[in-house]
Amino acid sequence: MPITATHVNLYHVCHRELWLHANEVRMEHTSDTVSEGKLIHETAYPQRAERYREIVLDGVKIDFYDPKAKVVHEIKKSNKAEAAHLAQIKYYLYILEQNGIEGATGILEYPTLRITETVTLTPTDRSEMVKWLTNITVILNSLTCPPLLHAPICKRCSYYDFCYVGE
Amino acid sequence: MKKSYYLFNPVRLSRKDNTLQFTPFDEQGNEAGPCRYIPVETVSDLYVFGSLDANSALYNFLGKHGISAHFFDYYEHYTGSFFAKEYLLAGKMQVAQTRHYTLRNKRVALAQKFIEGAAFNILKNLRYYHNREKDLAASISQIEKYATQISATTEVPELMGLEGNIRQTYYAAFDTIVAGFTMENRSKRPPKNELNVLISFGNMMCYAACLDMIYHTQLNPTISFLHEPGTRRFSLALDLAEIFKPILVDRTIFRVLNKREVQPSDFATDLNGCVLKESGKKTFVKAFEERLKETVKHRTLNKSVSYKHLIKLECYKLSKHVMGIEEYKPFKIWW
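Note that the structure is a prediction, hence the values are computed from the model and not measured.

Draft legend 1. Spatial organisation of unusual backbone geometry. Residues and elements named next belong to chain A. Of note, Asp-58 is a non-glycine position whose phi angle comes to about 50°, a positive value. As for its position among the elements, Asp-58 is in the loop between β1 (53-57) and β2 (60-66). Residue Asp-58 is classed as partly exposed on the basis of its relative accessible area, which comes to 49%. Unlike most non-glycine residues, Lys-70 shows phi in positive territory, near 55°.

As structure tokens, this is what we get:
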């Protein structure tokens, strides 16, 4: 199974969600937070579509890529899971590099918070990335579902009912 | 919040730009009243009891929005659904679900859980009325006795027999719970008297509600455990309905009859049996919808959930069971 940016993102949020997502147990359709995020994604930068491109490399899709300036844009709703967002962009940069595009940078955008952040891929990130990818492969190939996370973030997760329903 | 729509009167349903247009019509096919418009985003599904006139453009439109239409005949039997394209495909879940059907002990184990949940909820109903000066002690102890035999069964038909005994004892108690109506025997296709009509109608509503919830999960509605997977039926919905019938259907029946919301005049009896008139249908459907929307505080989720959502939670538990994440425990009413 090719590792997608979603996998890298989820790896930094919840291993259980990563496993469930990879096993096609999806819950996004039940979540208002997800549809809100989608709406922000579609409406935040109306002028962007003309100049930027959507590209697919090694099964990884980048929504907004500016080929001239070599900049990857990623729009997110809130910075609650910022580490995961950063990891996702770094994975894009890593994939670009693997495909011979050197020196690309990323911009993480939170339109509703009016925050943007520049992201670059450092040598430490590169070695970290190899570790992440190995761990992700292990989780994806595992036959058992990782345990419950029991974190505050669970309460807002679209898998909350699924995970915690109990009896 | 999406809503279910129940169509009783003859109506022409069409796509008007990006919304739904309802045009009532009379026997001659002429327009009979003003059109109504309902935003498509607010519709979760359609229950069609009356005559529906629609074209393929409409069904394409419904399909795109994941809206199913369930159809019922004159006797309120479920005849089929327009099922929007599956949007949650999960190969691994399907394989896991199938494996639980094909391995006998895995299948019986799940089937037992359904009956266990159903029996518990049935007893809860009986005890509720027993505490309200209806003498149901004999039925309760009889069903308790049957319930202890559930775990000893080794075959599905044996379990089905046990379930039949439980239901028979339970339905016999309806005479005591509902004053003024008699149950006699359970009769179907067509039901012979008022209580049987309401049970059939209610069970069918419950079945459709379960089917609808399964549709929004990754489970395959045709692979079931207690009921034999049928070619024409979504039998997993029948399995789930066992657990929810006492809570959703039977309680609604007791309510509408004991509060005299549905009266003998809401039924029509003829040679072929008994049918619910439109007035009765409307009252029952309304009471049933209210029941589905009613909320309870969930013990482990620590938030309020509707009865309808409880069905979906049951699907989640079943998914987790077949995926080997957590053993399935049937829903038992805890309040």
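Draft legend 2. Just the sheet that holds strand β4 (residues 105-110) of chain A, in detail. Residues and elements named next belong to chain A. The five strands are arranged β1-β2-β3-β4-β5 in an open sheet whose pairing can be described as mixed. Where the open sheet ends on each side, the last strands, each with one partner, are β1 and β5 (115-119). On average, adjacent strands in this sheet sit at an angle of 35° to one another, irrespective of strand direction. Inspection of the sheet shows β1 paired to β2 by four bridges, in the antiparallel sense.

Draft legend 3. Highlighting the sheet that holds strand β2 (residues 11-16) of chain B. All names here are of chain B. A sheet is described by the order of its strands in space; here four strands give the open sequence β4-β3-β2-β6, paired in mixed fashion. Whereas interior strands pair on both sides, the edge strands pair on one side only; in this sheet they are β4 (36-39) and β6 (52-53). Of the strand pairs in this sheet, β2 and strand β3 (residues 19-24) are connected by six bridges, and their pairing is antiparallel. Looking at β3, one finds that Leu-13 is bridged to Phe-22.

Draft legend 4. Structural context of the interface of chain A and chain B. Each side of the interface is counted separately: chain A has 20 residues, and chain B has 26 residues. Between chain A and chain B, the buried area comes to about 2100 Å², and carbon and sulfur atoms account for 56% of it. For the chain A face of the interface with chain B, the top three residues by lost area are Asp161(A), Val165(A) and Glu167(A), together amounting to 31%. For the pair chain A and chain B, the number of links is one salt bridge. Between Asp161(A) and Lys303(B) there is a salt bridge whose closest N-O contact spans 2.8 Å. Across the contact surface, chain A and chain B share 10 residue pairs in polar contact (both at pLDDT 80 or more). Contributing elements (two or more residues each) for the side of chain A that touches chain B: α2 (15-22) and α7 (160-164) of chain A.

Draft legend 5. Spotlight on the pattern of salt bridges. Residue and element names in this part refer to chain A. Inspection of every chain in the model, using the stated rule, returns 23 salt bridges over all chains. For Lys-77, the salt bridge is made with Glu-36, and the minimal N-O distance between the two is 3.6 Å. Highlighted residues: Lys-77 in the loop between β3 (71-75) and α5 (82-98) and Glu-36 in helix α3 (residues 32-43), separated in sequence by 41 residues. Taking the shortest distance from any N to any O, the salt bridge between Lys-76 and Glu-74 comes out at 3.3 Å.

Draft legend 6. Molecular detail of the packing of helix α7 (residues 194-215) of chain B against helix α9 (residues 278-293) of chain B. Residues and elements named next belong to chain B. One way to put it is that α7 packs onto α9 with a least axis distance of 11 Å and a crossing angle of 45°. Between α7 and α9, the interaxial angle falls into the category oblique. Classified by chirality, the crossing of α9 by α7 is right-handed. Along the contact surface, α7 presents Leu-198, Phe-201, Gly-202, Met-205 and Cys-206, while α9 presents Lys-281, Phe-284, Val-285 and Phe-288. Looking at side-chain class alone, the contact of α7 with α9 contains seven nonpolar, one polar and one charged residues.

Draft legend 7. Local environment of the side chain of Gln112(B). All names here are of chain B. Structurally, the position occupied by Gln-112 is in helix α3 (residues 104-130). The exposure class assigned to Gln-112 is buried, which follows from its relative accessible area of 14%. From its side chain, Gln-112 meets the backbone oxygen of Ile-150 in a polar contact 3.1 Å long. In contact with Gln-112, not counting residues within four places along its chain, are Ile-150, Ser-151, Thr-153 and Leu-159.

Parameters and conventions
- Here, residues in each chain are numbered from 1, in the same order as that chain's written sequence.
- To read the labels, note that chains go from A and ligands from 1, taken in the order they are written.
- In keeping with the model being predicted, local features are shown solely for residues with a pLDDT of at least 70 and side-chain atom pairs are shown and tallied solely at 80 or more, while totals for entire chains, interfaces and linings include all residues.
- Side-chain descriptors were evaluated using all non-hydrogen atoms of the structure, hydrogens and water having been removed beforehand.
- A run of H or I in DSSP counts as a helix once it spans at least four residues, and a run of E counts as a strand once it spans at least two, with each numbered from the N terminus.
- To sort residues, take the accessible area from a 1.4 Å probe on protein chains only and compare it with the maximum for the residue type: under 20% means buried, over 50% means exposed, and anything in between is partly exposed.
- Here the rule is simple: two strands pair whenever DSSP picks up at least two bridges between them.
- Every axis in this analysis is a line fitted to C-alpha atoms, fitted for helices over the stretch in contact. Angles between the N-to-C directions lie between 0 and 180 degrees.
- In what follows, residue pairs with any heavy atoms lying within 4.5 Å of each other are defined as contacts.
- The term buried area means the drop in 1.4 Å probe accessible area that two parts suffer when joined, counted for both and summed.
- One speaks of a salt bridge when a side-chain nitrogen belonging to Lys or Arg is within 4 Å of a carboxyl oxygen belonging to Asp or Glu.
- In protein, a polar contact requires one atom able to donate a hydrogen and another able to accept it; more generally it is a pair of N or O atoms within 3.5 Å, and residues adjacent in sequence count only if both atoms are side-chain atoms.
- Relative orientations are named as follows: roughly parallel for angles under 35 degrees, roughly antiparallel for angles over 145 degrees, roughly perpendicular for angles from 65 to 115 degrees, and oblique for any other angle.
- Helix crossings fall into two classes, left-handed where the near helix is turned counterclockwise from the far one by less than a right angle and right-handed where it is turned clockwise.
- Under the scheme applied here, ten amino acids are nonpolar (Ala, Val, Leu, Ile, Met, Phe, Trp, Tyr, Cys and Pro), four are charged (Asp, Glu, Lys and Arg), and all others, including Gly, are polar.

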